[in-house]
Amino acid sequence: MHGPRFGCGLGQCGACTVHLNGAAIRSCVYPLGNVQGKVVTLEGLGTPENLHPLQRAFIDEQALQCGYCINGMIMQAAAFLKRIPKPTEDQVREELRPNLCRCGTHIRIVRAVMRAAQAGAGV
Amino acid sequence: MSALIERRALLKASGALIITFALEPHFGRAAQTKPSKPVGLDSVDSYLAIDSEGLVTVYSGKVDLGTGVRTALTQIVAEELDVPFANVTLIQGDTELTPDQGVTYGSLSIQNGGVQLRQAAATARQTLLKIAAARMKVTPETLTMDSGTVIGAHQQRLPLQALIGNQTLSVKMDKAAPLKNPDNFKLVGQSVQRLDIPGKVTGQFTFMQDFKVPGMYHGRVVRPAGMGAKLISVDESSIAGIPGIVKSCGSRASSELSPRPSGQPSKPCGSLPWSGPTGPNCRPQANCGSTSGGRK
């Protein structure tokens, strides 16, 4: 499994994000014993042949450089768009504020999430 | 290590170059049991191969650490050889296959590694044009290249693979081989989609951190309590009780080394006490794991 990344190991960077029952959680610090229900990783969100709208949007916007954080960006955004399908740019920024990216593709990431929202990713 | 197996399969499949060099005795320990290839910096065959379908495999000693040079280096070779971008595959950093182009740092991948690849492609181009010229009984200057095909003055066309057949280029790098005039660039300078991004957004991409090799150790940098601290002594016995611990090492700083699965956090490094000076810069570190350099 190559989707969730081990980043800080302290729940501070977001690279490890997965969905537990539809909510984005930091898998590196989430106790396994507390996991009850359905876990979805980036691999489960979409495949190269059948991309999730967010994955499509991140490709279209070329929204990553090294890509280590991008699992977290996409998984956090996917859960977010389910809650708020048509967010403002400020809401996207606020939601992804706790996800760290050192390469500096933030502007493209925000653009990609807005593009996916327009494509109906949250519906 | 599935990526490595795929490379081997690719190598076996990539026809001409590999077969020719399979029996060269001095190319590595496995020469007698499996195909091998040259990796010296002075041979064009070290950098690129053209297979029987006209597909180009490029061997780069510079790796992609996330900067996107895989895509850029592919563009450079496709441009200089006048082959379609999609017909070029890049293999990076496999020391059995790729020339040693030096370490990957300091923004040197394009300006050093890319320049070498470009010169290799230019030498290949020059060689292919000479072969084509002899075939067509014209001078190389009358020929042009486009989309993997040499084109004569009277529109005769020869695909690259037809020019080398079952042979390799087998030429030395020629620093005087003419480079394409940038005015004629079709691909370099264009914004193409990054080759690695689809795999990275779908969880298919193998990051460096995903590689596991037999006997691999995991180290952890143990940092001092504050800036400016100097290591005075290390109490080795203080870490002896950590399961799987191998040893600590380093003269200026100490590391725990233990064989644990990748991704599993080390024991907090507070278990390895530093003897350091106290001073204005030495503040107690609540959680040393917050430093980013602890894992590799």
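Residues numbered from 1 in each chain as written. Chains lettered and ligands numbered in written order. Predicted model: local features only at pLDDT ≥ 70, side-chain atom pairs only at ≥ 80, totals over all residues. Heavy atoms only, no water.

1. Quick look at the overall build of chain B
Per the secondary structure count, chain B includes seven helices and nine strands. Across the 296 residues in chain B, those meeting the buried criterion constitute 41%. The long-range fraction of contacts in chain B, counting pairs at least 24 apart against all pairs at least 6 apart in sequence, stands at 68%. Accessible area of chain B: about 15800 Å², with a carbon and sulfur share of 56%. (Helix = DSSP H or I, 4+ residues; strand = E, 2+ residues; numbered from the N terminus. Buried < 20%, exposed > 50% of the residue type's maximum accessible area, 1.4 Å probe, protein only. Contact = heavy atoms within 4.5 Å. Areas by Shrake-Rupley, 256 points an atom, 1.4 Å probe, with all protein chains shown as cover.)

2. What to know about the pairing of strand E2 (residues 23-26) of chain A
Residues and elements named next belong to chain A. Alignment of strand E1 (residues 17-20) against E2, held across four bridges, turns out to be antiparallel. Residue pairing in the sheet places Thr17 in a bridge with Arg26 of E2. Linkage of E1 to E2, two consecutive antiparallel strands, is achieved through a turn of two residues, within which Asn21 is found at a positive phi near 50°. (Pairing = 2+ DSSP bridges.)

3. Some points on the side chain of Gln92 of chain B
All names here are of chain B. By secondary structure assignment, the location of Gln92 is in strand E3 (residues 88-92). With a relative accessible area of 10%, Gln92 lands in the buried category. A polar contact of 3.4 Å, which involves the side chain of Gln92, links it to the side chain of Arg70. (Polar contact = N/O pair within 3.5 Å; in protein donor to acceptor, adjacent residues only side chain to side chain.)

4. Some details on the interface of chain B and chain A
One widely used convention gives an interface's size as the accessible area the parts lose upon coming together. Taken residue by residue, the interface counts 26 residues in chain B and 24 residues in chain A. Summed over both sides, the interface of chain B with chain A buries roughly 2000 Å², with 58% coming from carbon and sulfur. It is Ile197, Val201 and Thr202 of chain B in chain B that bury the most area against chain A; as a group they hold 28% of the surface buried on that side. Taking the shortest distance from any N to any O, the salt bridge between Asp210 of chain B and Arg5 of chain A comes out at 2.9 Å. Scanning the region where chain B abuts chain A turns up seven residue pairs in polar contact (both at pLDDT 80 or more). (Buried area = accessible area lost by both parts, 1.4 Å probe. Salt bridge = Lys/Arg side-chain N within 4 Å of Asp/Glu carboxyl O.)

5. Looking at the pattern of salt bridges
Side chains carrying opposite charge are able to pair once their charged atoms draw close together. All names here are of chain A. In the structure shown here, the tally under the stated rule is 16 salt bridges over all chains. The shortest N-O distance in the salt bridge between Glu94 and Arg97 comes to 3.1 Å. Overall, the relative accessible area of 55% leaves Arg97 in the exposed class. Salt bridges linked by common partners bring Arg56, Asp60, Glu61, Arg111 and Arg115 together as one network.

6. Examining the pairing of E1 of chain A
Residues and elements named next belong to chain A. Going residue by residue along E1, you find Thr17 and His19 tucked away on one face and Val18 and Leu20 tucked away on the opposite face as well. Where E1 meets strand E3 (residues 39-40), two bridges bridge the pair, whose relative direction is antiparallel. Following the sheet pairing, His19 is matched in E3 by Val40.

7. Structural notes on the packing of helix H2 (residues 53-60) of chain A against helix H3 (residues 70-83) of chain A
Residues and elements named next belong to chain A. Closest axis-to-axis distance for the H2/H3 pair is 10 Å, and the angle between their directions is 130°. If you check the angle between H2 and H3, you find them oblique. Relative to H3, the crossing made by H2 is right-handed. Contacts from Leu54, Gln55 and Phe58 in H2 reach Ile70, Met73, Ile74, Ala77, Ala78 and Leu81 in H3. Within the contact of H2 with H3, the residues separate by chemical class into eight nonpolar, one polar and no charged. (Axes fitted to C-alpha atoms, helices over the stretch in contact; angles between N-to-C directions. Parallel < 35°, antiparallel > 145°, perpendicular 65-115°, else oblique. Left-handed = near helix turned anticlockwise from the far one by under 90°. Nonpolar A, V, L, I, M, F, W, Y, C, P; charged D, E, K, R; others polar.)

8. Observations concerning the packing of aromatic side chains
Pairs of aromatic rings are described using the distance from one ring centre to the other and the angle between the two planes. A full pass over the atoms with the stated rule returns two aromatic pairs over all chains. When the centroid spacing of 5.3 Å and the interplanar angle of 85° are considered together, the rings of Tyr68 of chain A and Phe207 of chain B count as edge-to-face. Here Phe207 of chain B lies in the loop between helix H7 (197-201) and strand E7 (218-222) and Tyr68 of chain A lies in the loop between H2 and H3, a pairing that spans two chains. Judged by its relative accessible area of 16%, Tyr68 of chain A falls in the buried class. Seen in terms of ring centroids, Phe205 of chain B and Phe207 of chain B are 4.9 Å apart; in terms of plane orientation they differ by 75°. Their pairing is edge-to-face. Take Phe205 of chain B: its relative accessible area is 26%, and that puts it in the partly exposed class. Chaining the aromatic ring pairs together yields one cluster made of Tyr68 of chain A together with Phe205 and Phe207 of chain B. The ring of Tyr59 of chain B carries Lys37 of chain B above its face, with NZ or CZ at 3.9 Å from the centroid. (Phe/Tyr/Trp six-rings, centres within 6.5 Å; stacked < 30°, edge-to-face > 60°. Lys NZ or Arg CZ within 6 Å of the ring centre and 35° of its normal.)

9. Considerations on the environment of Leu10 of chain A
Position of Leu10 of chain A among the secondary structure elements: in the segment before E1. Sequence-wise, Leu10 of chain A and Ala63 of chain A are 53 residues apart; in three dimensions their C-alpha atoms are separated by 25 Å.

10. Quick notes on unusual backbone geometry
In this model, Gln62 of chain A sits at a positive phi of 50°, which is unusual for a non-glycine residue. With respect to the helices, strands and loops of the structure, Gln62 of chain A is situated in the loop between H2 and H3. We classify Gln62 of chain A as buried; its relative accessible area is 12%. Of note in this structure, Asp82 of chain B is not a glycine but carries a positive phi near 55°. With a relative accessible area of 8%, Asp82 of chain B lands in the buried category.

11. Digging into helix H4 (residues 89-96) of chain A
Residues and elements named next belong to chain A. If you check which residues of H4 are buried, you get Val92, Glu95 and Leu96. The arc that holds every buried residue of H4, seen down its axis, measures 85°, which confines them to one face. Lining the buried residues of H4 we find H3 and helix H5 (106-118). (Arc of directions from axis to C-beta.)

12. Regarding the packing of H4 of chain A against H5 of chain A
Residues and elements named next belong to chain A. The N-to-C vectors of H4 and H5 enclose an angle of 120°; their axes lie 10 Å apart at closest approach. Our classification of the angle between H4 and H5 gives oblique. H4 and H5 meet at a crossing whose hand is right-handed. Residues Glu89, Val92, Arg93 and Leu96 of H4 lie in contact with H5, whose contacting residues are Ile107, Ile109, Val110, Val113 and Met114. Here the residues of the contact of H4 with H5 sort into seven nonpolar, no polar and two charged.

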